[in-house]
Amino acid sequence: MKLKYILSILMLFSFVFLFAQEEEKAKEEKPKTEENKRPERPPNKGQRPEGSRPGRGEMTVEKWKEMSERMPKIGKVSGKVIDKNSGKAVEYASIGLLLAMDSSIVNGTITDEKGIFSMEELPVGRFIVSVEFMGFDTYYSDKIMLNPRKSPEVDLGTIELEFGSEVLGEVVVSEKKPFMELELDKKVYNVADNITVSGGSATEVLEQIPSIEVDMEGSVSLRGSQNLSILIDGRPTAMAGGDPAAVLELIPAESIERVEVITNPSAKFDPEGMAGILNIILKKNKKIGLTGLVSASYTIVDEYSLSGTLGYKNKKINIYGSYTHRNSEREFSRENYRLNTLSDTTYSFDQTGKGARRRISHNFKTGLDFYPNSSSTIYTVASFGLQSSDDNSNNIYQYFDNNETRTHQGRVLEIEDESSKNKEFTLGYQKRFKNDWSHSLEVDLNYSDNYEEGDSRIENGLYGIADIDFNDPLDPLYFQEDVTDEERQNFQARIDYQRPFENKAKLELGYKSRLRLTNNIFDSSLDTLDNEFEFDEQIHAIYGTYAYPVTEKFTIKGGLRLEQAMTNSELLNTGETFDKKYFSWFPSLTLSQDMGKKGQVSLSYSRRINRPRTRQINPFVNYSDPLNFRKGNPDLNPEYTNAVELNYMKRWDKLTFSPSIYYRYTTDIINRYKTVDSEGVSTLSYVNLSNSQSYGIEFSAMYSPFKWWRIMPSVDLSHSILNTDNIAADLNNNNFRIGGRIMSNMTVWKNLDIQFFTFFRAPSNITQGKMKGMFFTTIGAKKKILKEKGTIGVNVRDPFGTGKFRFTTESDLFYQEGVRQREPYVLTFSFSYRFGKQERNKNRRGDRERGGMDGGMDDMMD
């Protein structure tokens, strides 16, 4: 392993060195002539030429100050700032009022959520307005005159900001979107240029998002809770049966544009996901003409991916298609030591295990947007997927008596093969009124189907200590083979309407109906385990929200969602049926205050739900282990949580800082519960526990000491309390968690970026034990080539081999230590190339990007 680590580091730095040499060689072979010099960009209209000062009049500054003190301050300057490329409002842009004579700052403010700004009680005189926002060229207006008689108020209209670049010596720094954009209702992480996840999957992307953790099995948690909703382009997905961990492994990291984290959603959104919503937005074509992208990656652990997209867009249609293929294999290891102290005997065992998980996937997606006129869009999307996976593990047990003498050994072989296929179709219509997307109606229908089959085999045996090849078992081998077939179908219809009012208020109304059908068949070599279970669920919901600006700086937004749920399940083996109906209401409230230069603050409340899953309510008893039975509980009730969150955000020229404080109170906690009968046989099922409380604080920041260097640190602290008095008071649990991460992006050479990422987690309590602290690092580099149409990258994951999950558990009857680890020292190479005609669509600037929670089709998506 040490040799593998050393080779990985050497290859990484060799990569950086070789491309640095390439640039030096290019300079020597291609000296700057009149033909190949970089042309100096002329100043844009309204932009100050380099080296000049904005206007000097004959009046001196001293005279102006004397005059402004005598004259009444009745001037006003207002306007709106948007992104020229997307047409979206630019929130929190810094606005400066500069005295035209010497560029000194007279006043300033920031833009609101709609990009609007206003400065009042201004003195008379000649001024220039500057607009600055990280990643964009600074804008300077023409000179304006505030005169108490002729022009006391000046409206600058709509100001368009452009992404730009700055030349620093021999280093050209291309401005990119900041990794983190903090908004009061959500946080947006732009991961399209993330270097250290190249060749990886969505799992590696989420590992680097603040407040999110991914465990050994790929399960995702937000603020310490795995009860969250994961959406792809604003929708739940049918891929891999909807299993979040499997879905994330199927999505290439290079295909992701951004991740939206919504920790306290309004009543407009589906209430599932008690910790919040993660919305993964995939890359889309936004340019006129024919465009395409191909990419590939290879990892030294025999893993690779291929993907390609092709699109064509004009004034009337936008047609696109994509294909992705991933073939991944990751090895893992585990170690356990367990000491059993029973009433009549004491013994221990050591377990060592190794295994591998291989996943192969093929996913296809195609879509068509048709624009019959400038205010309407008809769209259709179809996707198809084929996935297969095989997991295998080999676990060796060494048994010791109370004198620590080895008595015998055991081996457990597990092999599991799964395959699935899924399809999904969407048909929808968008209508905007008066060419304004903030006043719109949208209707769509969605159908998805997923079929999954699996085959698992287990072989368990005990052997003598001298039988190193495991050829002569002491007892007959235990062998079991199971076959599972499951099909899930989902039907969904929705209507969303939103309308703004002249006083800047906004109304949102909507209806959604969802039908889910599930059929699960389980066949086993042990006939007593065969069962077939059907589950049907209907949910019908209406919602309404209303935002009202009480003052220019203070806004209230309230909402209410009403849902009627009906479930029907049947265990066909026994003919048992279980019906449940429940009505739920989900209010939401947000108060936001703009404090100008002091920042912005918001206070929000929402109510959310966690519904029981199919396996948790299936009442069939699994007798595969004669001493440990398992079954579901069809009488489970859903969990409800009430969440309150306080957010603050402050921006400086080089620093953005945003702390958050949150509190959650949850009732009817769905949790595993084990009982033991008089014969020593245990039964594991699910119950509703009394309640839980969790609260915490998060700190996120983004600091740019130089144009070519960005640092993004984050820390989160939380405490949770579980109350189990309705079942057993001795199961009550307290847990305190501390975690954080830091990411550093540097442009160290022309078109060459280097990124460092480090994650850490302090020790914490778990049920019946403790989880020890851990940290891991990822390093990567990326360089643009082929006239900046191509990109080549390299990264190494966990180069120090520290990413280990270590834990201890104990009770009156046992003590156990364990270690789990994914494969470290993983080196990945990646390549991508863009081609085709790429021109910005100037005729449909109003097009909305479907998939985002703040714009486009899925802005209104539940």
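Residues numbered from 1 in each chain as written. Predicted model: local features only at pLDDT ≥ 70, side-chain atom pairs only at ≥ 80, totals over all residues. Heavy atoms only, no water.

## Here's the deal with the overall build of the chain
Next up, step 1: Within the chain, the regular secondary structure consists of 5 helices and 46 strands.
Next up, step 2: Sequence separation of 24 or more characterises 67% of the internal contacts of the chain that already satisfy a separation of 6 or more.
Next up, step 3: As displayed, the chain has an accessible area near 41,800 Å², and 55% of this comes from carbon and sulfur atoms. (Helix = DSSP H or I, 4+ residues; strand = E, 2+ residues; numbered from the N terminus. Contact = heavy atoms within 4.5 Å. Areas by Shrake-Rupley, 256 points an atom, 1.4 Å probe, with all protein chains shown as cover.)

## Considering the nonpolar core
Next up, step 1: Val220, Ile256 and Leu278 are the most contacted members of the largest nonpolar core, which totals 35 residues.
Next up, step 2: Setting aside residues up to four positions removed in sequence, Ile256 forms contacts with Val191, Ala192, Ala202, Val205, Ile251, Ile280, Ile281, Leu282 and Lys283.
Next up, step 3: The next biggest cluster of nonpolar side chains, apart from the first, holds 25 residues, and it includes Leu97, Leu99, Met119 and Met649. (Core = buried A, V, L, I, M, F, W, Y, C linked by side-chain atoms within 4.5 Å. Buried < 20%, exposed > 50% of the residue type's maximum accessible area, 1.4 Å probe, protein only.)

## Focus: the sheet that holds strand β1 (residues 75-83)
Next up, step 1: With mixed pairing, the 3 strands of this open sheet are ordered in space as β4-β1-β8. Each end of this open sheet is capped by a strand with a single partner; those strands are β4 (116-122) and β8 (153-161). Sheet twist, expressed as the average angle between the axes of neighbouring strands with direction ignored, equals 15°. (Pairing = 2+ DSSP bridges. Axes fitted to C-alpha atoms, helices over the stretch in contact; angles between N-to-C directions.)

## Thoughts on the pairing of strand β44 (residues 814-822)
Next up, step 1: Looking at chain direction, strand β20 (residues 317-341) and β44 are connected through 9 bridges and run antiparallel. Paired with Asn340 across the bridge in β44 is Phe814.
Next up, step 2: Connecting strand β43 (residues 804-810) to the antiparallel partner β44 that follows it, the hairpin turn spans 3 residues.

## A short note on a nonpolar patch on the surface
Next up, step 1: On the surface, a nonpolar cluster with roughly 480 Å² of combined accessible area is contributed by Leu603, Val644, Leu646, Ile661, Tyr663 and Tyr695.
Next up, step 2: Sorting the residues of the nonpolar patch by element identifies β33 (639-651) and β34 (655-676) as the ones contributing at least two each.
Next up, step 3: Structurally, Tyr663 can be placed in strand β34.
Next up, step 4: For Tyr663, a relative accessible area of 32% gives the class partly exposed. (Patch = residues over 30% accessible without salt bridge, like charges linked within 9 Å, V, L, I, M, F, W, Y side chains within 5 Å. Salt bridge = Lys/Arg side-chain N within 4 Å of Asp/Glu carboxyl O.)

## Comments concerning a positive patch on the surface
Next up, step 1: A surface patch of positive charge is lined by Arg613, Arg615, Arg630 and Arg672.
Next up, step 2: Position of Arg615 relative to the elements: it lies in helix α5 (residues 614-617). (Lys, Arg positive; Asp, Glu negative; His and termini not counted. Charge placed at Lys NZ, Arg CZ, Asp CG, Glu CD.)

## Digging into the packing of aromatic side chains
Next up, step 1: In the structure shown here, the tally under the stated rule is 13 aromatic pairs.
Next up, step 2: Geometrically, the ring pair formed by Tyr397 and Tyr399 is stacked, given 6.3 Å between the ring centres and 25° between the ring planes.
Next up, step 3: Judged by relative accessible area, which is 18%, Tyr397 ranks as buried.
Next up, step 4: Feature note: the residues Phe501, Tyr546 and Tyr548 constitute an aromatic cluster, connected by ring pairs.
Next up, step 5: Between the NZ or CZ atom of Arg223 and the centre of the ring of Tyr662, over which it lies, the distance is 4.1 Å. (Phe/Tyr/Trp six-rings, centres within 6.5 Å; stacked < 30°, edge-to-face > 60°. Lys NZ or Arg CZ within 6 Å of the ring centre and 35° of its normal.)

## Describing the pattern of salt bridges
A side chain of one charge can pair with a side chain of the opposite charge if their charged atoms are brought near each other.
Next up, step 1: If you walk through the whole model with that rule in mind, you get 30 salt bridges.
Next up, step 2: The partner of Arg514 in a salt bridge is Asp270, and the shortest N-O contact between them spans 3.8 Å. Taken together, the positions of Arg514 in strand β26 (residues 506-524) and Asp270 in the loop between β16 (256-262) and β17 (277-282) put the pair 244 residues apart, joining distant regions of the chain.
Next up, step 3: Relative accessible area serves as the criterion here: at 11%, Asp270 is assigned to the buried category.
Next up, step 4: A salt bridge links Asp270 to Arg561; the nearest nitrogen and oxygen atoms lie 3.0 Å apart.

## Focus on the side chain of Thr299
Next up, step 1: Mapped onto the fold, Thr299 is located in strand β18 (residues 287-299).
Next up, step 2: A residue is classified by how much of its surface remains accessible, and Thr299, at 1% relative accessible area, is buried.
Next up, step 3: Of the polar contacts made by the side chain of Thr299, one reaches the side chain of Thr828; its length is 2.9 Å.
Next up, step 4: In contact with Thr299, not counting residues within four places along its chain, are Val826, Leu827 and Thr828. (Polar contact = N/O pair within 3.5 Å; in protein donor to acceptor, adjacent residues only side chain to side chain.)

## Notes on the pairing of strand β27 (residues 531-549)
Residues in a regular strand point their side chains to alternate faces of the sheet.
Next up, step 1: In terms of strand pairing, β26 meets β27 through 17 bridges, oriented antiparallel. Across the sheet, the residue bridging to Thr518 is Phe535, located in β27.
Next up, step 2: Pairing of β27 with strand β28 (residues 554-571), which is carried by 17 bridges, proceeds in the antiparallel orientation. Residue pairing across strands places Ala541 opposite Glu563, the latter belonging to β28.
Next up, step 3: Taken together, β27 and the strand that follows it, β28, pair antiparallel across an intervening segment of 4 residues.

## Section: the environment of Pro705
Next up, step 1: Inspection of the secondary structure assignment puts Pro705 in strand β35 (residues 682-706).
Next up, step 2: When the C-alpha atoms of Pro705 and Leu655 are compared, they prove to be 8.5 Å apart, with 50 residues separating the residues in sequence.

## A few points about the environment of Ala245
Next up, step 1: When you line up the elements, Ala245 lands in helix α4 (residues 244-250).
Next up, step 2: Along the sequence, Ala245 and Asp215 sit 30 residues apart, while their C-alpha atoms lie 9.9 Å from each other.

## Regarding unusual backbone geometry
Next up, step 1: Although it is not a glycine, Asp668 adopts a positive phi angle of roughly 55°.
Next up, step 2: Locating Asp668 in the fold gives a position in strand β34.
Next up, step 3: Unlike most non-glycine residues, Leu786 shows phi in positive territory, near 50°.
Next up, step 4: By secondary structure assignment, the location of Leu786 is in the loop between β41 (774-785) and β42 (790-797).

## Brief notes about the confidence of the model for the chain
Next up, step 1: In the predicted model, the chain carries a mean pLDDT of 80, and 82% of its residues have values of at least 70.
Next up, step 2: The low-confidence segment residues 165-175 (pLDDT under 50) makes 30 contacts with residues lying over four places distant or belonging to another chain.
Next up, step 3: With pLDDT under 50 throughout, residues 838-862 is counted as low confidence; its partners more than four residues away or in other chains account for 114 contacts. (pLDDT = per-residue confidence, 0-100.)

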